[in-house]
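Topology and contacts: notes
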Amino acid sequence: MDFPNLKKQDPEIYKLVKKEEEKQQYKLSMIPSENFSSPAVREALSSVFVHKYAEGYPHKRYYEGNQFVDNLEELCQQRARQAFSLPDDWHVNVQPLAGGNSNLAVYNGLLEPGDTILSMYLPDGGHLSHGWSFPEKDEQGLEGQVEQAIYLGGKRKISIVSKIFKVVQYKVEPDSRLFDYKKIMAIAKEYRPKMIISGGTAYPREINYDALHSIAKEVGAYYLADIAHEAGLVAAGANKSPIGKADVITFTTHKTIRGPRGAVILCRGDLADRIDFGVFPGLQGGPFEHTIASLAVCLKEACTPAFKKYAFQVVKNAQRLAQRFIERGYDVVSGGTDKHLLLIDMRSKKLSGRNPAKALDQAGIIMNRNSVPNETGSPMNPSGLRMGTPTITTRGMKEKEMDKIAEWVDYVIKVVAPDCDLKPAEFEEKIKKMPELRKIAAEVKSLCQKYPLNI
Ligand code: DSN
């Protein structure tokens, strides 16, 4: 994209934009929660809708001059309905500013302070906005938590959700690293939550929405399915949909669905007023109408056959990567993936996630360190490496390229493994000088040049 005015008026910012653009163009971005949006999505994002205040909802605004904003927001809602094949009696809110806000708005609309939420344990792949507090005895590490199926929270409340609500968390099974829904049912029966939440950032398998629906029904809880990571896969039919199983669904719009940064809430029609009130005036002020314009473009794209093909390829690519890592002796959590991401427990190679991720970045491959089930590390130095295929599939890469990427990742890890015990600063100095990493970075750049980004 050209930015002639920015270039002339503010060269400092222009330079940073160009540097980021170059990095995205010539490195492999494999953070599973990221994606590359289309130029049309980004054009709408920088449109004049950025100027408009529009507190309220279509035809019920607190400001004048919202004729076109109303048309825009209604069109965006309609496209969300189409993209997710929403039943007529479901409702759409496209105003949440971010995923965390969308979840807070749901709690705000449906819960009272002090109510109990049952959500997934954060170190097993849950999300901060589903509640998180540190264990009482060991505020830095997570030791002592590994054998239990349930986490009742600690004194140090990290997320505001844990400050307002009582948060009980279910864990994956220590061996399979999958959910045991019978145990979740037992926990729900004991703690009688007002809301059960599924979804997170690092659970590589599809969630059994039917089972969670039954559990929520049994204990009279609302069921919130947070599908931030999988939204694009769900829209395309590459993953199952929780519609009709959950009472409320939230998702961010910049991950697999490939839109601008923002979020959407879908809910049963009878909850619409409470959810809308939970968003505005309950939590937010003026919605970002430029984001809503951009989201509308993204949702139209999500209804195309090309997007459907893309989403299925995202999953095929992740499965191919998982297979290649398993063949090389890596411990791929849960033995594979049904989605766009995979998680490797690096303890299988006597390593943690941090230093390998730093070395891979140096070699042009961006992934992130992540906690894993049965975690014994700390949040800053967890045991896992998380990677995803949304952006590299947007570039057009397929199974053949996944094979090459797995080979590079394995090579980089082997090269730096003997130095991984160094202190972070020493390690980072050392990897800057490694010719092996520079060589891989050059190879990565040539692959990226074959699959250029449309920017
Ligand atoms: N931080 C996002 C992720 O990387 O999964 C979720 O908030």
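Structural notes, computed from the coordinates. (Residues numbered from 1 in each chain as written. Predicted model: local features only at pLDDT ≥ 70, side-chain atom pairs only at ≥ 80, totals over all residues. Heavy atoms only, no water.)

A word on the layout of surface pockets
The condition that has to hold: As defined here, a cavity is a set of points on a 1 Å grid over the protein atoms alone where a 1.4 Å probe fits but cannot get out. A pocket is an open set with protein on both sides within 12 Å along at least five of seven lines, and residues line them when an atom is within 4 Å of a point. Grid points are joined across faces, edges and corners, and a volume is the space filled by probe spheres set on the points. Strands here mean DSSP runs of E at least two residues long; helices mean DSSP runs of H or I at least four residues long; both are numbered from the N terminus. We call Asp, Glu, Lys and Arg charged. Ala, Val, Leu, Ile, Met, Phe, Trp, Tyr, Cys and Pro are nonpolar, and the rest, Gly among them, are polar.
In this structure, the largest pocket occupies an estimated 940 Å³ of space. Glu20, Gln24, Asn35, Ser37 and Arg42 are, among the 24 residues lining the largest pocket, the residues nearest its centre. If you list the elements that add at least two residues to the lining of the largest pocket, you get helix H2 (11–26) and helix H3 (39–45). It is H2 that contributes the most residues to the lining of the largest pocket, five residues altogether. Grouping the constituent residues of the lining of the largest pocket by class yields nine nonpolar, eight polar and seven charged. Approximately 630 Å³ is the volume attributed to the second largest pocket. Leu122, Gly126, His127, Leu128 and Thr201 are, among the 34 residues lining the second largest pocket, the residues nearest its centre. Among the residues making up the lining of the second largest pocket, the classes are represented as 12 nonpolar, 17 polar and five charged.

Focus: the pairing of strand E4 (residues 90–93)
Inclusion rule: Each residue gets one of three labels from its accessible area relative to the maximum for its type: buried under 20%, exposed over 50%, partly exposed in between, using a 1.4 Å probe on protein chains only. Two strands pair under a simple rule: DSSP has to find at least two bridges between them.
Neither face of E4 is open: one carries Trp90 and Val92, the other His91 and Asn93, and all of them are buried. Pairing between E4 and strand E13 (residues 263–268): four bridges, direction antiparallel. Looking across to E13, one finds that Asn93 is bridged to Ile265.

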